Amino acid sequence: MKVHNTLATRTTRRVFTTGAISAVAALALSACGGNASTSPTSEAAKPDLKASGAGVITMWVDAERSPALKDITEKFKSDTGIEVKLVVKDFAAVRDDFITQVPTGQGPDLIVGPHDWIGKFVQNGVIAPVELGDKAGQFQDSSIKAMTYNGAVYGVPYAIENIALLRNTSIVDSKAATLDEVVANGKKAVADGKATFPFLVGMDPKQGDPYHLYPLQSSMGSQVFGKNADGGYDAKQLLIGDAAGVEFAKKLAAWGDAGEKIINSNITGDIAKEKFLAGESPYFLTGPWNVPDVQKKGLKFAVDELPTAGGEPAQPFIGVNGFFISAKSANALATNEFVTNYLTSESAQDSMYAAGGRPPALKASFEKAASDPVVEAFGKIGATGVPMPAIPEMSAVWADWGATELAIIKGQGDPAEAWTKMAASIKAKIGG
């Protein structure tokens, strides 16, 4: 799997259990109102799908999400006589297989995946826009924005995810607004013998972790890409190498191995989790996928807003999962009916949440899930987030970005020079 896929889907590939953990960001953007329909299209409004000649719709889905779709596919077959065949595929390879097979006519009618695949899909002409009409207003605004590319909506969202700051309330009893306060609290806990590490965030030993560090970077005014008039990311506006980015690089060096050791290049995600569960740190920068184990351990914890390292809000990336229609579907009429009037239903979105624990993108389903305070907290944080860039050019960003951050954290070279070199490399790769 390519570097950018590994990082971009870091939050979408976790297996959640229901309950607090599912809290995820999706909830976040629930600040919009609107009620979702609880059932598919009425009999009177249904098109004559039998006349379309469709007999079977094929959907590629991973093993984790397949069970959640059983009831809605059976409902569709009962209503229309058309079977939805769920073909379980390896998540690591399914995106590239879809791009390869759709043009040959061998691909499926539908595929399930994260929104950051959209750019590559559209670039290769393998997915079709989805006409949601008024139904779009029944979903979290952020989820629709994530599914929008070049002004068109390309998928039906069902879940939103983001990270937050977990705090062991037995070690630190109040939340902090800034990273400086977090660090001060953490250092005091270490000095008092209550902790071993002031702060924990996992680093991949080869790729670092720009995804988890992005809220700190964004809080210093550093972004990856600018946006065009319709709010979409513009690859021609590469901003990562600007003055704000350079200042963030300097901060990384100060926080790293040769500085305060707040971010440790030797602590992987698994180690960070292990140390937090052992009560060795008051803070853990992570996502809801780790909450179930924290709960099982019996730790008293809070889900805090992301601390700012600069003068701007700490904006996390949000990841949105959804359903995409093949541009070459031989059963386009039936497939569109299933996607727009069945997969958008409250029952379908509830089922996806119940089976996998991922927070619903549909407002009505989210409101139920948000009765859990953890879900509510992640949702509030996610409301401040930004969609992971889905433009194809993002694939040229992850490797240089992660490797450069890791080298800076390790204290290798001048951070400003390294950051500037990174930006030049990315610019050359995207042809900017």
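As the structure is a computational prediction, the values presented were derived from the model and not from experiment.

*Asks:* Give a description of the pattern of salt bridges that names residues and reports values.
*Replies:* Taken as a whole, this structure holds 12 salt bridges when the rule is applied. Here D192 makes a salt bridge to K188, at a shortest N to O gap of 2.8 Å. Residue D192 is classed as partly exposed on the basis of its relative accessible area of 43%. You can call K188 exposed: its relative accessible area is 52%. One network of salt bridges, in which partners are shared, links E346, D350 and K368.

*Asks:* Tell me about the sheet that holds strand β8 (residues 164–168), residues and numbers included.
*Replies:* Spatial strand order, β11-β8-β12: three strands in an open sheet with antiparallel pairing. Taken across any chain shown, the strands that pair with only one partner, and hence form the sheet edges, are β11 (283–286) and β12 (301–304). For this sheet, the mean inter-axis angle between neighbouring strands, taken without regard to orientation, is 25 degrees. Sheet topology note: the β8/β11 ladder contains four bridges and is antiparallel.

*Asks:* I'd love a proper account of the pairing of strand β3 (residues 110–114), names of residues and values included.
*Replies:* Taking burial as the measure, the five residues of β3 include five buried ones, the bulk of the element. Here β3 runs beside strand β13 (residues 317–326); their pairing, made up of five bridges, is antiparallel. Following the sheet pairing, V112 is matched in β13 by F323.

*Asks:* Give me unusual backbone geometry: which residues, what numbers.
*Replies:* Despite not being glycine, N150 has its phi angle at roughly 55 degrees, a positive value. Within the secondary structure layout, N150 lies in the loop between β5 (148–149) and β6 (152–153). Judged by its relative accessible area of 62%, N150 falls in the exposed class. With a phi angle near 60 degrees, K261 is a residue other than glycine that sits in the positive phi range. Counting through the fold element by element, K261 comes out in the loop between α8 (243–255) and α9 (269–277).

*Asks:* If you had to explain the packing of aromatic side chains to someone new, which residues and values would you point to?
*Replies:* Think of a pair of aromatic rings as described by two things: how far the centres are apart, and how the planes are tilted against each other in angle. Per the counting criterion, the structure on display carries 17 aromatic pairs. For the ring pair F98 and F121, a centre distance of 5.0 Å and an interplane angle of 55 degrees mean the geometry is tilted. Of the two residues, F98 sits in helix α3 (residues 91–101) while F121 sits in helix α4 (residues 118–123), which places them 23 residues apart along the sequence. A residue is classified by how much of its surface remains accessible, and F121, at 0% relative accessible area, is buried. Connected via pairs of aromatic rings, a cluster forms that spans W60, F91, F98, W117, F121 and F324. Between the NZ or CZ atom of K89 and the centre of the ring of W60, over which it lies, the distance is 4.2 Å. Between K227 and the ring centre of Y233, over which it is positioned, the NZ or CZ distance is 5.3 Å.

*Asks:* I'd like a description of α3, backed by residues and values.
*Replies:* All of the buried residues in α3 are F91, V94, R95, F98 and I99. Down the axis of α3, the buried set is contained in an arc of 125 degrees. They therefore lie on one face.

*Asks:* Describe the packing of helix α7 (residues 210–218) against α8, listing the residues and the values that go with them.
*Replies:* Pairs of packed helices are described in terms of their axes, by the angle between the two and the distance that separates them. Remark: α7 packs on α8, axes separated minimally by 10 Å, with the N-to-C direction vectors making an angle of 120 degrees. Overall, the two elements α7 and α8 adopt an arrangement that is oblique. The handedness of the crossing between α7 and α8 is right-handed. Contact with α7, carried on its side by L213, L216 and Q217, involves F248, L252 and W255 of α8 and no other residues of that element.

*Asks:* A description of α9 should follow, citing residues and the corresponding values.
*Replies:* Buried within α9 we find A272, F276 and L277. Buried residues of α9, viewed axially, fall in a sector of 130 degrees; they line one side. Tucked inside the fold, the buried residues of α9 contact β8, β11 and α10 (291–297). Just downstream of α9 lies G279, where phi reads positive at about 75 degrees.

*Asks:* Explain the nonpolar core to me, using residue names and the numbers behind them.
*Replies:* Judged by nonpolar contacts, the single largest core of 121 residues is most densely connected at F338 and W401. Those residues in contact with W401 that sit more than four places away from it in its chain are P210, Y214, Q217, V224, I240, F317, M394, W419 and M422. Core analysis: the next-biggest nonpolar cluster, separate from the first, contains five residues, Y353, F366, A370 and V375 among them.

Cut-off values and rules
Residues numbered from 1 in each chain as written. Predicted model: local features only at pLDDT ≥ 70, side-chain atom pairs only at ≥ 80, totals over all residues. Heavy atoms only, no water. Salt bridge = Lys/Arg side-chain N within 4 Å of Asp/Glu carboxyl O. Buried < 20%, exposed > 50% of the residue type's maximum accessible area, 1.4 Å probe, protein only. Pairing = 2+ DSSP bridges. Helix = DSSP H or I, 4+ residues; strand = E, 2+ residues; numbered from the N terminus. Axes fitted to C-alpha atoms, helices over the stretch in contact; angles between N-to-C directions. Phe/Tyr/Trp six-rings, centres within 6.5 Å; stacked < 30°, edge-to-face > 60°. Lys NZ or Arg CZ within 6 Å of the ring centre and 35° of its normal. Arc of directions from axis to C-beta. Parallel < 35°, antiparallel > 145°, perpendicular 65-115°, else oblique. Left-handed = near helix turned anticlockwise from the far one by under 90°. Contact = heavy atoms within 4.5 Å. Core = buried A, V, L, I, M, F, W, Y, C linked by side-chain atoms within 4.5 Å.

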